[in-house]
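# Report on the structure
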Amino acid sequence: MDMDSRAVTPIMADNGRTSDNRLRRGDTRTPVIVYGPGQEMIVSTFADVLGKPCQLADSFQGIVAKEQGLVLGIPAESARTGVAGRDKNATVVIHSHNVGLGMPPDTYLSEQCDYEFLYTDTLLCRQDLARFISFTLGQVNHHETLMNKPRTFFISTTFPDVRAALPNIEVLTVGCDAVELRVDLLKEPLGDGTFARIPSLSYVGEQVMLLRQRTELPIIYTTRCTQENGRFPMDNPNLFYEYLYRAIQWGVEYIDVEVWLPEEIRRKLFENRGNSHIMSAFHDFTGNFKWPSAYAQSIFVESCKYAHIVKMIAIINDHNENFELEYFRTKIRAEYPSAPPFSGLNMGETGQISRTFNKVFTPITHPLLPIIAAPGQMSAAEINAALASLGQLPKSSIYGIITSPSRIQVPHAPFYEKCFNELGLPHHFAVVERQTKGPLSIEAWCNQRSFGGAYLSPPVSFTSLMHHSTFFSKLDNGTGPVLTEAVHMIGMVDTIVVQSSPASSPGSAPSSTPSSPHRRSESFSPTPNNTYGFPTSASLLFDNASWRGILRTLTRDLAPSAYFGRTAVVLASHADDAASAMYALKALRAGKVYTVGFKTPPALARSFEVEPFNSLESLQKARTMGDDGGPFVLVSALGPEKASLVGMLVRLFGGARGSSSQIRKVFLDLADGPRKGDPATIAEQCGFAAYGVADTTAFTTAETVRLLVGQNVPYSFVRLTSGKGMF
């Protein structure tokens, strides 16, 4: 759908919300997988995730950069003789070990390889591997995305064994942006019924594996020392390096490095961090620490040397010290504008208000945790309640604006109520049916002082929203709504976000978004309350979450690089139905895209090579001349009534095999509703990895919640609350 620029000149959102913000080409060296006896299949799994063919080799000798199109596998016994002298400019070496065959893995290979992947023979291994390889090869960047959020939280797990947290992990992580693994609190059982003084690396590695298999969130790896309320001994700083560097090799996203450690160790960790990010940590439990002191500033300056985030936490004795912290926060921001993001907190009940002021990685707890990780820790709901009581998060109304058919298909209201209950948000939420004009039109619901955002189901074209709309056209002194690049390219809007001021981050939760642990008893009026109208000081952001849902589905089991330069086919009856999928393929840097049944919007057609199917000859050409003998990915946005046609095309392309027939292709079916025949079943029979609308809807819903209320809801929680738990 081409947007009519004559209606309004939109403001383009520009702060990290472009299509390829998180996806990068990454490390292009040849991946070499070191595998144990009888574990050759893990090499083909690596290759499948990367979308490359694989080959087994006897040694590192002769491996050169030109073989980057392959994934190579070398037996562990052979790798031991050449791993130290390998060409590090040509290869990235990953030591793989099946924990079911016993622990620990070969310690020499663990030390010499670039990374180490621990796995089990379960269905969760594939998703864990996709996440591991995407991160370690630098194809995704969680840090930039998180630092663009107005507020981030992480939950501190305090279980002696992470297995105790796994049954409730979906609930524990609602509202969290990361999960902290307190390594120092782990208790490794010994054969005599006692526990190890320090958990072994093999035990810690297995704990990291188990946690990563069950959460999509980044992990913060912490070895808190005894002086800072932890259990890790301080008599051997090199022990910290050993444990922290191994976490880098395991592909952990954030490494907590205490600033008291010798500078040589901190520098060495920073220089060898791979794609992990360093969080410098300082904790003072004496009660004598003063934020206005020169000592506090010196700690901050020292922390900045080798860190991506600086965290400073102290016990205080007086409520006024919270305001001294805020002055310190303002001062360092002014004096060190290029410094890493600062996370500053005060501990204890007296310092709890500082947890509402802090916006960078505030540690939170949860009632289901056995103990709190630090004095004064609060849950996300408690922090939201405090923000609401301070007037920072006044109550607002959020809507699901739908058509009658979508009301039947998707029971959104119960899910949002569960989310708001868990997060403690006091928002009003209602599903309302839209009309083209009149008191129940989209602009009528938006033109309310209490309006806090809305999702549109199905999405609406930007042109239709702006057509004859005086309200939208007059927004922001006549410049109209702010548009993300996705909306500008796709032309379809499915999320409307409120921005409290022009300085707000596009797509972020507005500062006026309410949060509280108590539900309110007010009910919705059947019509919008337009007595006061939308505040003139606020603006609206038009966004599209659907393409992100599609992208996250396509990269759940595959690394983004699997799609780079690959051929795709997109089926749809109308460009509006296909646009989000086309934009997701653009973000994945797909190569040529063949289209069936629609004309590609010019804005998208200019982004990459597009060729419509207009004859049997072009169909045959796509089948035989695509990469690897045919299209790598097939996306159908046709309705369920076209299931037979989709199945026929799946068979056609599934039967196309080239020189790299070991590469598994991808089929995504976006049809929703009853149908005759199941294209997904046919796709799996033809060798495709098949995904359906349930996956994209869950991912899209998680993205929509994040856009509307600024807080993270995991995909697994969406599936759990919809009655389709993943595990």
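Residues numbered from 1 in each chain as written. Predicted model: local features only at pLDDT ≥ 70, side-chain atom pairs only at ≥ 80, totals over all residues. Heavy atoms only, no water.

## A look at the packing of aromatic side chains
- Within this structure, the stated rule accounts for 41 aromatic pairs.
- Taken together, a centroid distance of 5.4 Å and an interplanar angle of 90° make the contact between Phe-240 and Trp-260 edge-to-face. Of the two residues, Phe-240 sits in helix H8 (residues 237-249) while Trp-260 sits in the loop between strand S10 (254-258) and helix H9 (263-271), which places them 20 residues apart along the sequence.
- The class of Phe-240 is buried, set by a relative accessible area of 1%.
- Here Phe-420 and Phe-429 contribute two aromatic rings whose centre-to-centre distance is 6.2 Å and whose plane-to-plane angle is 85°, an arrangement assigned as edge-to-face. Like Phe-429, Phe-420 is buried.
- By the ring-pair criterion, three or more aromatic residues cluster together here, those being Phe-282, Phe-289, Trp-291, Tyr-295, Phe-300, Phe-328, Tyr-336 and Phe-342.
- Above the face of the Phe-632 ring, Arg-566 is positioned so that its terminal group lies 4.3 Å from the ring centre. (Phe/Tyr/Trp six-rings, centres within 6.5 Å; stacked < 30°, edge-to-face > 60°. Helix = DSSP H or I, 4+ residues; strand = E, 2+ residues; numbered from the N terminus. Buried < 20%, exposed > 50% of the residue type's maximum accessible area, 1.4 Å probe, protein only. Lys NZ or Arg CZ within 6 Å of the ring centre and 35° of its normal.)

## Considerations on the pattern of salt bridges
- Applying the stated rule across the entire model yields 33 salt bridges.
- A salt bridge links Glu-321 to Lys-290; the shortest N-O distance between them is 3.6 Å. Taken together, the residues Glu-321 in helix H11 (residues 321-335) and Lys-290 in the loop between strand S11 (277-284) and helix H10 (294-304) connect sequence positions 31 residues apart.
- Salt bridges sharing common partners tie together Glu-216, Arg-552, Glu-703 and Arg-706. (Salt bridge = Lys/Arg side-chain N within 4 Å of Asp/Glu carboxyl O.)

## Observations regarding the sheet that holds strand S5 (residues 91-98)
- Pairing is parallel in the open sheet, where five strands are placed in the order S3-S4-S2-S5-S6. At either margin of the open sheet sits one strand with a lone partner, and together these are strand S3 (54-56) and strand S6 (115-119). Averaged over all neighbouring strand pairs, the angle between strand axes comes to 25°, with direction disregarded.
- Taken together, the five bridges between strand S2 (residues 30-35) and S5 define a ladder with parallel strand orientation. (Pairing = 2+ DSSP bridges. Axes fitted to C-alpha atoms, helices over the stretch in contact; angles between N-to-C directions.)

## Structural notes on the nonpolar core
- Val-204, Tyr-221, Tyr-243, Leu-244, Trp-250, Val-252 and Ile-255 are the most contacted members of the largest nonpolar core, which has 52 residues in total.
- Once residues lying within four places of it in the same chain are set aside, the contact partners of Tyr-243 are Val-183, Ile-198, Pro-199, Ser-200, Leu-201, Val-204, Tyr-221, Thr-223 and Phe-232.
- In terms of nonpolar packing, the next biggest core, distinct from the first, is built from 42 residues, Leu-554, Leu-558, Leu-585 and Ala-637 among them. (Core = buried A, V, L, I, M, F, W, Y, C linked by side-chain atoms within 4.5 Å. Contact = heavy atoms within 4.5 Å.)

## A look at the sheet that holds strand S9 (residues 219-222)
- Taken in spatial order, the eight strands line up as S13-S12-S11-S10-S9-S8-S7-S14 in an open sheet, and their pairing is parallel. Of all strands in the sheet, those with a lone pairing partner are strand S13 (342-347) and strand S14 (362-364), marking the two edges. Direction aside, neighbouring strands of the sheet carry axes that sit 25° apart on average.
- Pairing of S9 with S10, which is carried by three bridges, proceeds in the parallel orientation. Each bridged residue has a counterpart across the sheet, and for Thr-222 the counterpart in S10 is Asp-256.

## Comments concerning the pairing of strand S12 (residues 309-315)
- Of all the seven residues making up S12, seven are buried; the element is thus mostly covered by neighbouring parts of the structure.
- Burial along S12 is two-sided: the residues Ile-309, Lys-311, Ile-313 and Ile-315 and Val-310, Met-312 and Ala-314 are all buried.
- As paired elements, S11 and S12 share six bridges and run parallel to each other. Looking across to S12, one finds that His-283 is bridged to Ile-313.
- Regarding the hand of the β-α-β motif, the stretch spanning S11, H10 and S12 is right-handed.
- Two elements, S12 and S13, share six bridges in a ladder whose sense is parallel. Each bridged residue has a counterpart across the sheet, and for Ala-314 the counterpart in S13 is Asn-346. (Right-handed = clockwise from strand over helix to strand, strands pointing away.)

## Let's talk about the packing of H8 against H9
- Across the interface, H8 lies against H9 with an axial gap of 10 Å and an inter-helix angle of 10°. On the basis of the axis angle, H8 is roughly parallel to H9. Contacts between H8 and H9 involve Pro-237, Asn-238, Tyr-241, Leu-244, Tyr-245 and Ile-248 from the former and Ile-265, Lys-268 and Leu-269 from the latter.
- Class assignment of the residues belonging to the contact of H8 with H9 gives a composition of seven nonpolar, one polar and one charged. (Parallel < 35°, antiparallel > 145°, perpendicular 65-115°, else oblique. Nonpolar A, V, L, I, M, F, W, Y, C, P; charged D, E, K, R; others polar.)

## Points about unusual backbone geometry
- For the peptide bond that leads from Met-103 to Pro-104, omega is 0°, which places it in the cis range.
- With respect to the helices and strands, the residue Pro-104 is situated in the loop between S5 and helix H3 (107-112).
- Of note, the bond from Ser-457 into Pro-458 is cis; its omega dihedral lies within 30 degrees of zero at 0°.
- Turning to its location among the elements, Pro-458 is positioned in strand S17 (residues 451-461).
- Even without being a glycine, Asn-477 presents a positive backbone phi close to 60°.
- Here Asn-477 shows up in helix H19 (residues 475-478).
- Note on Asn-477: relative accessible area 78%, which makes it exposed.

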